[in-house]
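# An overview of the molecular structure
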Amino acid sequence: MENKKRVSNSNNTSRLFKDIISLIEQSRQQIALTINSEITLLYWKIGKVINKQILKHKRADYGEQIVTKLAQQLTSALGRGWSKQQLWNCLRSAETIQDKKIYALSRQLSWTHIRILIFINDSVKRDFYMQLCQREKWSTRLLQERIDSMLYERTALSKKPTKLIKKELALLQTENKLTPDLVFRDPYVLDFLGLQDTYSEQDMESAILKQLQQFIIELGTDFAFLARQKRIQIDEDDYRIDLLFYHRGLRRLVAIDLKLGKFKAAYKGQMELYLKWLDQHEKKEGEDNPIGLILCSEKQSEQIRLLELDKGHIRVAEYMTQLPSKKLLTQKLQKAIAITKKK
């Protein structure tokens, strides 16, 4: 009897210990978030004050003198952390982030995130990264990788007129509404697969599954893997979908077909068959129609235009198994954006 009491007391103490540890951890996380938010707001407010001083005199050389002297005075009074560069960062944050946005941003992104974002000169591109960073909860490292890999330029969104881009970003911010143009990219950079010069579709598929986490990061964090070589039967024929995913934001099944060579018009009919089957047999109540992604080594722009694939539920994108130089990638994407906007 005595032993049973001891065991019971021990169990109660163990549960009590775990409950208290849980409360402490929750409190620590909340404190960390509050501190981060207050620090970000402080730096932004400092930038606002400096900005008023510089704008009042409207002289760049005077502004430089103020910031340099202020940095020296703050460092002398408060110690490290108040360099001239840090004050310019504060100033830049006040110039690029509106009053109505800073409070929400400070609760979701760290000052390090914001320090990266504020130096993107194009305001539309900056807003794109800002919103996706909040939505997908990117680390600062992942945010920098996304910018370096020119994610914005690789989305279908970037090829639209500026007015439409702003409209879609506004819907994402106010209604949390994602569109396929925000989700799908072209090209996809699959250098992490480690594929050699000669490989088969099966080799590529196997490499993707081995590096599934990296592949999903490249696709976007809302993608959830469902199946490989998904078997479907139509009449007496068997077909297989290379990869099947579900996108939580779009609320759609996403069928991915891997092709080694150039895009061919026949791929459209094959993908349409897959999507019709998924729509009838796999789509759940409340989901939107399935969407298809054909990944090939080279697009055929004229064929894709004539087939009007950009207007339906099928996307075609190139993939790169080796990351090209930033200069080459920039040239390729700028050319694609210019051609699309011209059309």
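Since we're looking at a predicted model, the values are computed, not measured.

### Looking at the overall build of the protein
The helix and strand inventory of the protein stands at 15 helices and 6 strands. The buried share of the protein, reckoned over its 343 residues, is 42%. Counted over contacts in the protein with a minimum sequence separation of 6, partners at least 24 positions apart contribute 64%.

### What to know about the nonpolar core
F128, Y129, F184, M204, F245 and I256 are the most contacted members of the largest nonpolar core, which totals 67 residues. If we ignore the near neighbours within four places in the chain, the residues touching F184 are R154, T155, A156, F223, L250, V254, I291, L293 and R315. Residues A227, I232, I304 and V316 belong to the second largest nonpolar core, which totals 20 residues.

### Here we look at the pattern of salt bridges
All chains considered together, the criterion is met by 19 salt bridges. Taking the shortest distance from any N to any O, the salt bridge between D181 and R315 comes out at 2.8 Å. Here R315 lies in strand β6 (residues 314-320) and D181 lies in helix α10 (residues 180-183), a separation of 134 residues in the sequence. Between R251 and D288 there is a salt bridge, and its shortest N-O distance comes to 3.8 Å.

### Here we look at the packing of aromatic side chains
In this structure the tally under the stated criterion is 9 aromatic pairs. Between Y43 and W82, the aromatic rings sit 5.9 Å apart at their centres with planes inclined by 80°, giving edge-to-face as the arrangement. Here W82 lies in the loop between α2 (60-78) and α3 (84-96) and Y43 lies in helix α1 (residues 2-57), a separation of 39 residues in the sequence. Residue Y43 is classed as buried on the basis of its relative accessible area, which comes to 15%. With centroids separated by 5.8 Å and ring planes inclined at 80°, the aromatic side chains of F263 and Y267 adopt a geometry described as edge-to-face. With respect to burial, F263 and Y267 carry one shared label: buried.

### Here we look at unusual backbone geometry
Keep in mind that most residues, glycine aside, have a negative phi and that most peptide bonds are trans. The omega torsion across D186 and P187 is 0°, close enough to zero to call that bond cis. Secondary-structure assignment places P187 in the loop between α10 and β1 (188-189). For K137, which is not glycine, the phi torsion reads 55° and is therefore positive. The backbone of Q229 shows a phi angle near 50°, a positive value even though the residue is not glycine. Position of Q229 relative to the elements: it lies in strand β2 (residues 223-234).

### Brief notes about the pairing of strand β3 (residues 237-247)
Where β2 lies against β3, 10 bridges are found, and the strand directions are antiparallel. Bridging across to β3, I234 finds its partner in D237. Linkage of β2 to β3, two consecutive antiparallel strands, is achieved through a turn of 2 residues, within which D235 is found at a positive phi near 55°. Pairing analysis gives 5 bridges linking β3 to strand β4 (residues 252-258), with the strands arranged antiparallel. If you follow L244 over to β4, its bridge partner there is A255. Hairpin remark: β3 followed by β4, antiparallel, with 4 residues in the connecting loop; positive phi at R251, about 55°.

### Quick notes on the side chain of K268
On the secondary structure map, K268 appears in helix α13 (residues 266-281). Residue K268 is classed as buried on the basis of its relative accessible area, which comes to 19%. Those residues in contact with K268 that lie beyond four places of it in its chain are L307, L309 and I314.

### Observations concerning the pairing of β6
Counting buried positions along β6 gives 7 out of 7 residues, so the element sits mostly inside the fold. Burial of β6 is two-sided: the residues I314, V316, E318 and M320 facing one way and the residues R315, A317 and Y319 facing the other way are all buried. When strand β5 (residues 291-296) meets β6, the two strands line up parallel, connected through 5 bridges. What sits directly across from C296, in β6, is E318. One crossover worth recording links β5 to the parallel β6 by way of helix α14 (residues 301-306), and it is right-handed.

### Observations concerning a nonpolar patch on the surface
A grouping of L16, F17, I20, I21 and I24 is seen on the molecular surface, where their side chains present a nonpolar patch of about 460 Å² in accessible area. Within the secondary structure layout, F17 lies in helix α1.

Cut-offs used in this document
Residues numbered from 1 in each chain as written. Predicted model: local features only at pLDDT ≥ 70, side-chain atom pairs only at ≥ 80, totals over all residues. Heavy atoms only, no water. Helix = DSSP H or I, 4+ residues; strand = E, 2+ residues; numbered from the N terminus. Buried < 20%, exposed > 50% of the residue type's maximum accessible area, 1.4 Å probe, protein only. Contact = heavy atoms within 4.5 Å. Core = buried A, V, L, I, M, F, W, Y, C linked by side-chain atoms within 4.5 Å. Salt bridge = Lys/Arg side-chain N within 4 Å of Asp/Glu carboxyl O. Phe/Tyr/Trp six-rings, centres within 6.5 Å; stacked < 30°, edge-to-face > 60°. Pairing = 2+ DSSP bridges. Right-handed = clockwise from strand over helix to strand, strands pointing away. Patch = residues over 30% accessible without salt bridge, like charges linked within 9 Å, V, L, I, M, F, W, Y side chains within 5 Å. Areas by Shrake-Rupley, 256 points an atom, 1.4 Å probe, with all protein chains shown as cover.

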